[in-house]
Amino acid sequence: MDSLAAAPGTGPATSPLRLLRPAGAPRRFEDLPSGRTLVMGILNVTPDSFSDGGRFADTGAAVDAGLKMHYDGADIIDVGGESTRPDSVRISPEEEQQRILPVVAALARAGVLVSVDTMNASTAEKAIAAGACLINDVSGTEVDPAMPALVARTGVHYVLMHSRGAVRSADPRAAYDSVVDEVISELEQIREMFYAAGVAPEQIIIDPGLGFSKDGSANWELLRATDRLNAMGHRVLIGASRKRFLGSLLTRAGEPAPPVERDSATAAVTALAAFSNAWCVRVHNVGPSVDAVKTAAAWKG
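What comes next is a walk through the structure. It should be emphasised that the depicted structure is a prediction, and the values quoted were computed from it without experimental measurement. (Residues numbered from 1 in each chain as written. Predicted model: local features only at pLDDT ≥ 70, side-chain atom pairs only at ≥ 80, totals over all residues. Heavy atoms only, no water.)

### A few points about the environment of A268
Piece 1. Mapped onto the elements of the fold, A268 is located in helix α9 (residues 263-275).
Piece 2. Given the relative accessible area of 40%, A268 is considered partly exposed.
Piece 3. For the pair formed by A268 and P288, sequence separation is 20 residues and the distance between their alpha carbons is 9.1 Å. (Helix = DSSP H or I, 4+ residues; strand = E, 2+ residues; numbered from the N terminus. Buried < 20%, exposed > 50% of the residue type's maximum accessible area, 1.4 Å probe, protein only.)

Below is the structure:
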């Protein structure tokens, strides 16, 4: 698999080979840029992603896609092996690990800063050993009981995302009297589990969980409240990319726009999130969001 060929998108118009030599990108979380909002590229190593339909389920295709996002300017690549689309079926941690660990290891060897998108502490631990430095956990109120101790023991950074109930279902508890107040309160409650395990405040990153147990209006309220999320004292990650509430905004002939037609709206959210001092945005199409965060940084001076 190793090659000294050109990175995808950088060489002649031929089929590029994978680049697995160090590429000069930061290898440590602490080396990430601090003068602008960061861009996290989404890499779904699954056959049933809502967005890309399994285009990167093959290890080689996934590595190629991750390298391309890296060279397009992504600061972090978030590798996930289990779909959370509403009609998806849970897979075993073993199958999840078989999908993602070769990809994590290959990208880390190439100098890419890698995040692992998992709800399983066992998968997170093996991904850290393979080179990941960040755990992105969408489990919300159903955190794996072993996760807090793992985060404390390894010292990695951890994305604490809000969700109520099973992440794949339209949970009946998803009705809110005051969505911003309730999301912040519930994040604070889950955060206490990590503090009790010995996790330092600076390891935690907050994600309001757009689209997870929330309808369209709730997502917009949370986006408008980015300043309140920042006031919790942690970095804030915004993950709006191609989500259903953007599709509903961009109706086409009375039907929601399909996921691949939501990138312009995603880039607009990126620019506004950057202007609101979000730490990072998580996106499928890296290039437009890289341009958006640079534009927002220039505007703010």
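### Focus: the packing of aromatic side chains
The geometry of an aromatic ring pair comes down to the distance between the two centres and the angle between the two planes.
Piece 1. Evaluation of the coordinates by the stated rule reveals 4 aromatic pairs.
Piece 2. Arranged with centres 6.3 Å apart and planes meeting at 85°, the rings of F275 and W299 form a pair that is edge-to-face. Residue F275 is found in helix α9, and its partner W299 is found in helix α10 (residues 286-300); the two are separated by 24 residues along the sequence.
Piece 3. The class of F275 is partly exposed, set by a relative accessible area of 43%. (Phe/Tyr/Trp six-rings, centres within 6.5 Å; stacked < 30°, edge-to-face > 60°.)

### Thoughts on the nonpolar core
Piece 1. Ranked by size, the top nonpolar core spans 67 residues in total, and within it L43, V79, L107, I135, M147, F194 and I238 carry the most contacts.
Piece 2. The leading source of residues in this core is helix α5 (residues 179-197), at 7 residues.
Piece 3. Ignoring any residue separated from it by four or fewer positions in sequence, one finds V79 in contact with L43, V45, I100, V103, V104, L107, V114, S115, V116 and D117.
Piece 4. In terms of nonpolar packing, the next biggest core, distinct from the first, is built from 13 residues, L32, L113, C133 and V159 among them. (Core = buried A, V, L, I, M, F, W, Y, C linked by side-chain atoms within 4.5 Å. Contact = heavy atoms within 4.5 Å.)

### Comments concerning the sheet that holds strand β6 (residues 204-207)
Piece 1. In space, the 8 strands of this closed barrel follow the order β1-β2-β3-β4-β5-β6-β7-β8, with parallel pairing throughout. On average, adjacent strands in this sheet sit at an angle of 25° to one another, irrespective of strand direction.
Piece 2. Across 4 bridges, the pairing between strand β5 (residues 157-161) and β6 is parallel. When the bridges of β6 are listed, Y158 appears paired with I204.
Piece 3. Strands β1 (38-44), β2 (76-80) and β3 (114-117) of the sheet are contacted by helix α2 (residues 93-109), whose axis makes an angle of about 160° with β2.
Piece 4. Packing of helix α4 (residues 147-154) onto the sheet brings it into contact with β4 (134-137) and β5, and relative to β4 it is tilted by some 165°. (Pairing = 2+ DSSP bridges. Axes fitted to C-alpha atoms, helices over the stretch in contact; angles between N-to-C directions.)

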